[in-house]
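# Structural description and commentary
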Amino acid sequence: MKITINGNIRDFDCQSMTAEALVAELKLAGKRFAIERNGEIIPKSLLPKLAINDGDNLEIVGAVGGG
Amino acid sequence: MDKFQLMKDELIVAGKPFHSRLLVGTGKYRDFKETRAAIDKSGAQIVTVAIRRTNIGQNINEPSLLDFLPPKDFTYLPNTAGCYSAGEAIRTLRLARELLDGHNLVKLEVLGDPTTLYPNVVETLKAAEVLVKDGFNVMVYTSDDPIIAKQLEDIGCCAIMPLASLIGSGMGILNPWNLEIIINTISVPVIVDAGVGTASDAAIAMELGCDGVLMNTAIATARDPIMMAGAMKKAIEAGREAFLSGRMAKKLYSGSASSPASGLIK
């Protein structure tokens, strides 16, 4: 499946995976982040249940220095 | 006001007390170590952060801002810097709330122009309305227009943060009269946000009766940011004490010297 993460298209060798599996794949497990899928926030509690599918558009954000 | 009372002179934002009236940004520093050292020196408890896309796959073990400023030790104030519409700002702060485990104290700023970074107050009002209804405690960056400031308070914002001058300009307080009107008409904390260039600007803001000052560039881009952070801390405290102690009246001349008029040698 192809999904868009932070504006970049990424190809994965599967038809679908849980948001949690994707987070592990991106080596973000244990880090502080927030994810939006197709404009909707995925609450942390839903990461193990929610499926990421072909064509999904994800935004993954963190906190950086700012004024 | 005696020393004991002054120790209890706290800034209350959304029901939470803070002993420091200096709020600082975390951008534009050389590295996170300098960021932390400057913030420690400033004594600030509330620190602003920006919300940005995470670098995927690049230097995954690179230290993050949060490693240097643990959220348990500081009150984070996620901002909406770079947002030019109410929609973008709302979306950004909802992500921030998820990122920071339900933390709902936020800084709303909606900009109107990338060259001047002047705020778009129309979009700011729209976003404030939605965010307050959604349970956020909204500290709002705005122009120094007293009418807009009042409207933002009426919507339910927990702090009104008018500019002293434009973001990053270091021009200081350009319209103390408007700030004074805002201070006189607003009940929630009024915090000058943006435009402070040096310590005297911060002191003047506090002498006018502002409840606090938020700054970033003035500290981060000083030749010695850590020393400037200390200067700002002192300026905020000096300005606050000057405000609380009630300054003398200004008059062109007084004919009243401080030394006795009698007992002069003849």
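Refer to the structure above for everything that follows.
Figured I'd write up the structure that's included with this text. The residue numbering used here restarts from 1 in each chain and proceeds along that chain's sequence as written. The naming scheme follows written order: chains are lettered A onward, ligands numbered 1 onward. In keeping with the model being predicted, local features are shown solely for residues with a pLDDT of at least 70 and side-chain atom pairs are shown and tallied solely at 80 or more, while totals for entire chains, interfaces and linings include all residues. By convention in this description, side-chain values take in all heavy atoms of the structure and omit both hydrogens and water.

## Remarks on the sheet that holds strand β6 (residues 105-108) of chain B
All names here are of chain B. Any two strands with at least two DSSP-identified bridges between them are counted as paired. Secondary structure elements are taken from DSSP: a helix is a run of H or I of four residues or more, a strand is a run of E of two residues or more, and numbering for both begins at the N terminus. Reading across the sheet, the three strands line up as β6-β7-β8 and stay open at both edges, with parallel pairing between neighbours. With partners counted over all chains shown, the strands left at the sheet margins are β6 and β8 (159-162), one partner each. Strand-to-strand twist in this sheet, taken as the mean axis angle between neighbours without regard to direction, amounts to 20°. In this structure, β6 lies alongside strand β7 (residues 137-142), joined through four bridges in parallel fashion. If you follow Leu105 over to β7, its bridge partner there is Asn137. Throughout, a residue-residue contact means that at least one pair of heavy atoms, one from each residue, lies within 4.5 Å. Axis definition: a line fit to C-alpha positions, over the contact stretch in the case of helices; interaxial angles, taken between N-to-C directions, run 0 to 180 degrees. Relative to β7, helix α5 (residues 121-133) is tilted by about 175°, and along the sheet it contacts β6 and β7.

## Considerations on the interface of chain B and chain A
Chain B puts 27 residues into the contact, and the matching count from chain A is 26 residues. Here chain B meets chain A over a buried area of about 2400 Å², counting both sides, of which 58% is carbon and sulfur. For this analysis, a salt bridge means a side-chain nitrogen from Lys or Arg found within 4 Å of a carboxyl oxygen belonging to Asp or Glu. Put simply, chain B and chain A have five salt bridges between them. Taking the shortest distance from any N to any O, the salt bridge between Asp101 of chain B and Arg32 of chain A comes out at 3.1 Å. Within 3.5 Å is the distance limit for a polar contact, defined as a pair of N or O atoms, with the added protein rule that one can donate a hydrogen and the other accept it, and that residues adjacent in sequence qualify only through two side-chain atoms. Put simply, chain B and chain A have 17 residue pairs in polar contact (both at pLDDT 80 or more) between them. Broken down by secondary-structure element, the contributors of at least two residues to the side of chain B that touches chain A are β4 (46-53), α3 (65-68) and α4 (86-99) of chain B. Looking at the side of chain B that touches chain A element by element, the count peaks at six residues for β4 of chain B. Classifying every residue of the side of chain B that touches chain A by side-chain character gives eleven nonpolar, eight polar and eight charged. One ladder, built from five bridges, connects strand β7 (residues 57-65) of chain A with β4 of chain B; its direction is antiparallel. When the sheet's bridge partners are listed, Val64 of chain A is paired in β4 of chain B with Ala50 of chain B. Buried area is a sum: the accessible area each of two parts loses on coming together, probed at 1.4 Å, counted once for each and added. Note on residue classes: Ala, Val, Leu, Ile, Met, Phe, Trp, Tyr, Cys and Pro are nonpolar, Asp, Glu, Lys and Arg are charged, and everything else, Gly too, is polar.

## Considering the packing of α5 of chain B against helix α6 (residues 146-155) of chain B
Residues and elements named next belong to chain B. Packing of α5 against α6 brings their axes to within 9 Å, and their N-to-C directions diverge by 15°. Classified by the angle between their axes, α5 and α6 sit roughly parallel to one another. Viewed along their axes, α5 and α6 form a crossing whose handedness is right-handed. Contact residues: α5 offers Val121, Thr124, Leu125, Ala128, Glu129 and Val132, while α6 offers Ile148, Gln151, Leu152 and Ile155. Relative orientations are named as follows: roughly parallel for angles under 35 degrees, roughly antiparallel for angles over 145 degrees, roughly perpendicular for angles from 65 to 115 degrees, and oblique for any other angle. Two helices cross in a left-handed way if the nearer one is turned anticlockwise from the farther one by less than a right angle. They cross in a right-handed way if the turn is clockwise.

## Let's talk about α5 of chain B
Residue and element names in this part refer to chain B. Residue count minus one, scaled by 1.5 Å, sets the expected span of a helix. Taking 1.5 Å of rise per residue, 13 residues should cover 18 Å, and α5 covers 18 Å from first to last C-alpha, within 8% of that figure. All of the buried residues along α5 are Val121, Glu123, Thr124, Leu125, Ala127, Ala128 and Leu131. Where α5 is buried, its residues contact α4, β6, β7 and α6. N-capping of α5 is provided by Asn120, with a side-chain oxygen placed 3.1 Å from the backbone N of Val122. Gly135 sits one or two positions beyond α5 and adopts a positive phi of about 90°. Think of it in three bands: with a 1.4 Å probe and only protein chains considered, a residue is buried below 20% of the maximum accessible area for its type, exposed above 50%, and partly exposed in between.

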